[in-house]
Amino acid sequence: MAVDHAAAEVDHLAAERAAARFDVEAMKIAWAGSRHAVDVADRMARLVASDPVFRKDNRTMLSRKDLFKDTLRKAAHAWKRIVELRLTEEEASLLRQYVDQPGYVDLHWGMFVPAIKGQGTEEQQKKWLPLAYKFQIIGCYAQTELGHGSNVQGLETTATFDPMTDEFVIHSPTLTSSKWWPGGLGKASTHAVVYARLITEGKDYGIHGFIVQLRSLEDHSPLPGVTLGDIGGKFGSGAYNSMDNGVLRFDHVRIPRDQMLMRLSQVTREGKYVQSDVPKQLLYGTMVYVRQSIVADASKALSRAVCIAVRYSAIRKQFGSQDGGPETQVLNYRTQQSRLFPLLASAYAFRFVGDWLNWLYTDVTQKLEVKDYSTLQEAHACTAGLKAVTTSATADAIEECRKLCGGHGYLNSSGLPELFAVYVPACTYEGDNVVLLLQVARILMKTVSQLTSGKQPVGTMAYMGKVQHLMQSKCAVKTEAFEARALRMAVNCAQNIGQASNQEEGFYERSPDLLEAAVAHIQLIIVTKFIEKVHQDIPGHGVKEQLQNLCNVYALYTLHKHLGDFLATGSLTPKQGALANEQLGKLYAQVRPNAVALVDAFNYTDHYLGSVLGRYDGNVYPALYEEAWKDPLNETVVPEGYHEYLRPLLKQQLKLSRL
């Protein structure tokens, strides 16, 4: 009976796909961006899935040491395959993505190399980048300290110039100045871009970057004056425990003067500090690159979780049977749809705003090459805010997907606990989300203060130029309602800050309201970019219609979730709010027949998805049963410890100690 039941569920999942009302292959292209992108991703995903070295089904059962060694093995094998197959940069990046195991290569390519490209001179790039590109050195990014993270200006590590030897002396003066958390630092990296307080001629010039060798290139032992190691296990099984997050202390370590990253400023042979004519905002270029990558990663993680939850919700049946008839698919319950479909819509929304952010980064980079820095602040605000909003939403959504899968979602074999554990650090690294949103809020307040001067806002803040209209009118158009809400919340904050005794005190007192205003602004950007995507020429039967439905779901769910803001600011009337909620329910009914096909469009292999519940073939129950027997506890029928602890207890033979 059990086998027949499982087979019926598999057939049912096939029926779900057959009922889809759109061209799934065309939706894959809409998701990936092009036919080329689909083909390359498909090829790299299958290359990884077919290679036994990249197996990961046993990852959560490995000890920390075995897990780290497994990570080293996979990274080395990935590099071997990249070289053997002569993969392009695009292909190599995708291969590393589908290996799907955090490791030192993430920071090497994602932080170390971009830091040198963004902050190093041409000479420094010519020296260091070829070594990094060939993995002749392994780099990490040593900024965060034990005592300071988000407050970069508070870092304590010092780099003091010694004109007698033409060297910088890197030193950790306190325990809290220990570098703490850099990925790849603990065991793998040979070099680091270290951020320290530059001191020359007795003056502190603030935080600057330095390339510092940490380990011998002969035997990998720490160099004199360098103390470093791993900071220990982290949340979850497997997950981010494959990464060697490290601790690092310096005891008067000397480096040549030319290992200071000198694109923005330099120290002369005589010890004079010289500021470059390149503005400090150029640092935003590196931050924009890293944060736009994080936004792209949010859509990947969220779409994986949603894919698992949707497929399993179509397989799982509970209640609803009458007279011995079949039970109801969980996906048919409106309560399940109201929790799951907004997350499905969010996955698409984050994907498309991530694509736009990638375009923005490319645009900023091209302008930087001709010394045009006009869009840097705009890019900084967008990437900071979108990083904060998408990572927080994704972390919450992965956990919600786990709950949507019921008890089975708690199993490691579901893939969801590990996915959550490996993803949730994104809410903190590269900028704590609250701190980032407050940075966005400062830019909003600056923009509001300039509205009366006649200076027209540009880019994603251009809507603020319609201040007279948006402050007075009732909104009938969806986008306009989001514009009015964002503007009115920002103006309200600015007015309240203006009543304070001083601006900084007012900003501090109104910081909770400022956070909400920043979120409103960023959500407007996401909705706007989703609408722009829908308005593009999208080929494929039914694809545009489905994207329109998902866009409406995302917008109306966001409106529903923040209805208090829309009502409090007068951007919507209570009647409009009620109509929006009613329309949302109708949209769920339109999404329902297409839900499984919409997650199929993510085009994830079972290997990458890493979930028994989210299997493409729907063969969930036999797979769950099979996975259970793979656990090390089941290697013996009688458990270790039985004779020492269980048998004496059962036989009442425990020896009682005398007090």
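Residues numbered from 1 in each chain as written. Predicted model: local features only at pLDDT ≥ 70, side-chain atom pairs only at ≥ 80, totals over all residues. Heavy atoms only, no water.

**Quick notes on the UniProt feature "domain: Acyl-coenzyme A oxidase N-terminal" (unreviewed entry) in the protein**
On the UniProt side, "domain: Acyl-coenzyme A oxidase N-terminal" (unreviewed entry) is annotated at positions that read residues 23-138 here. Helix makes up 72% of residues 23-138 and strand 0%, with an end-to-end C-alpha separation of 44 Å. (UniProt positions renumbered as here; feature names shortened; annotations may be inferred. Helix = DSSP H or I, 4+ residues; strand = E, 2+ residues; numbered from the N terminus.)

**Quick word on unusual backbone geometry**
Phi at arginine 86 is positive, roughly 50°, even though this residue is not glycine. Residue position: arginine 86 is located in the loop between helix 4 (64-84) and helix 5 (89-99). If you check the backbone angles, alanine 239 has positive phi at about 50° while not being a glycine. For alanine 239, the location among the structural elements is in the loop between strand 7 (226-230) and strand 8 (246-250).

**Digging into the environment of leucine 72**
Within the fold, leucine 72 resides in helix 4. When the C-alpha positions of leucine 72 and serine 242 are compared, they lie 9.1 Å apart, and in sequence the two are 170 residues distant.

**Some words on the sheet that holds strand 8**
Strand order in the open sheet formed by three strands is 4-8-7, with antiparallel pairing between adjacent strands. Of all strands in the sheet, those bounded by a partner on one side alone are strand 4 (179-180) and strand 7. (Pairing = 2+ DSSP bridges.)

**Observations regarding the nonpolar core**
The biggest cluster of nonpolar side chains holds 143 residues, and the ones touching the most others in it are Met27, Leu344, Tyr348, Ile526, Phe530, Leu547 and Phe602. Examining the composition of this core, we find that 16 residues originate from one element, helix 9 (residues 334-369), more than from any other. Excluding residues that lie within four positions of it along the chain, isoleucine 526 makes contacts with Ala349, Phe350, Val353, Leu386, Val389 and Tyr554. In terms of nonpolar packing, the next biggest core, distinct from the first, is built from 28 residues, Ala75, Trp128, Ile138 and Leu155 among them. (Core = buried A, V, L, I, M, F, W, Y, C linked by side-chain atoms within 4.5 Å. Buried < 20%, exposed > 50% of the residue type's maximum accessible area, 1.4 Å probe, protein only. Contact = heavy atoms within 4.5 Å.)

**Quick notes on the side chain of asparagine 433**
Note on placement: asparagine 433 falls in helix 12 (residues 433-449). What makes asparagine 433 buried here is its relative accessible area of 6%. Here the side chain of asparagine 433 touches lysine 387 through a polar contact of 3.0 Å, side chain to side chain. Within the structure, asparagine 433 has its side chain in polar contact with the side chain of serine 392 (distance 2.7 Å). (Polar contact = N/O pair within 3.5 Å; in protein donor to acceptor, adjacent residues only side chain to side chain.)

**A few points about the UniProt feature "active site" (unreviewed entry) in the protein**
Under the local residue numbering, the UniProt record ascribes the feature "active site" (unreviewed entry) to Glu430. Tracing the sequence through the fold places glutamate 430 in the loop between helix 11 (416-423) and helix 12. For glutamate 430, a relative accessible area of 28% corresponds to the partly exposed category. Every residue in contact with glutamate 430, bar those within four places of it in the chain, is listed here: Met111, Val290, Arg291, Ile294, Lys387 and Leu436.

**Looking at the state of the cysteines**
Applying the stated criterion across every chain yields a total of zero disulfides. You can see cysteine 401 has no disulfide; the closest cysteine sulfur is in cysteine 405, sitting 6.9 Å from it. Residue cysteine 401 is classed as buried on the basis of its relative accessible area, which comes to 0%. Overall, the relative accessible area of 2% leaves cysteine 405 in the buried class. (Disulfide = S-S within 2.5 Å.)

**Focus: the pairing of strand 1 (residues 139-142)**
Burial of the side chains of strand 1 extends over both faces: Gly139 and Tyr141 are buried on one face and Cys140 and Ala142 on the other. Bridging between strand 1 and strand 5 (residues 191-200) involves four bridges; their strand directions are parallel. Its bridge partner lying in strand 5, alanine 142 is registered against valine 194.

**Considerations on the pairing of strand 9 (residues 253-256)**
Across the two faces of strand 9 the burial differs, with Val253 and Ile255 buried and Arg254 and Pro256 not buried at all. Here four bridges tie strand 3 (residues 167-171) to strand 9, and the two strands are oriented antiparallel to one another. Across the sheet, valine 169 pairs through a bridge with arginine 254, a residue of strand 9.

**What to know about the packing of aromatic side chains**
Each aromatic ring pair is summarised here by two numbers: the centre-to-centre distance and the angle between the ring planes. Across all of its chains, the model carries 22 aromatic pairs by this definition. Seen from their ring centres, tyrosine 104 and phenylalanine 135 are 6.4 Å apart, and the 75° between their planes marks the pair as edge-to-face. Of the two residues, tyrosine 104 sits in helix 6 (residues 104-119) while phenylalanine 135 sits in the loop between helix 7 (122-133) and strand 1, which places them 31 residues apart along the sequence. Judged by its relative accessible area of 11%, tyrosine 104 falls in the buried class. Relative to tyrosine 608, the ring of tyrosine 604 has its centre 5.1 Å away and its plane inclined at 65°; by these criteria the two rings are edge-to-face. As far as the burial class goes, tyrosine 604 and tyrosine 608 line up, both buried. Through pairs of rings, three or more aromatic residues link up here, namely Trp31, Tyr98, Tyr348, Phe352, Phe530, Phe602, Tyr604 and Tyr608. Against the face of tryptophan 31 rests arginine 351, its NZ or CZ located 5.1 Å from the ring centre. Over the ring of phenylalanine 507 we find arginine 442; its NZ or CZ atom is 3.9 Å from the centre of that ring. (Phe/Tyr/Trp six-rings, centres within 6.5 Å; stacked < 30°, edge-to-face > 60°. Lys NZ or Arg CZ within 6 Å of the ring centre and 35° of its normal.)

**So, the domain arrangement of the protein**
If you check the domain split of the protein, you get domain 1 (113-276) and domain 2 (286-600). The C-alpha-based centres of domain 1 and domain 2 are spaced at 36 Å. Between domain 1 and domain 2, the contact holds eleven residues from the first and eleven residues from the second. A combined buried area of about 860 Å² lies between domain 1 and domain 2, and 68% of that area is made up of carbon and sulfur atoms. On the surface where domain 1 and domain 2 come into contact, there are zero salt bridges. At the boundary of domain 1 and domain 2, one finds one residue pair in polar contact (both at pLDDT 80 or more). (Domains from an automatic or database assignment. Buried area = accessible area lost by both parts, 1.4 Å probe. Salt bridge = Lys/Arg side-chain N within 4 Å of Asp/Glu carboxyl O.)

**Some words on the pattern of salt bridges**
Tallying each qualifying case throughout the model produces 39 salt bridges. A salt bridge links aspartate 230 to arginine 64; the shortest N-O distance between them is 3.0 Å. Residue aspartate 230 is located in strand 7, and its partner arginine 64 is located in helix 4; the two are separated by 166 residues in the primary sequence. Here aspartate 355 ties to arginine 351 by a salt bridge, and the two come within 3.8 Å at their closest N and O atoms. In this pair, aspartate 355 and arginine 351 are both assigned in helix 9, four residues apart and thus about one turn of the helix distant. Residue classification places aspartate 355 among the partly exposed residues on the basis of a relative accessible area of 33%. Connected through shared salt-bridge partners, Lys56, Arg59, Asp100, Arg304 and Glu418 make up one network.

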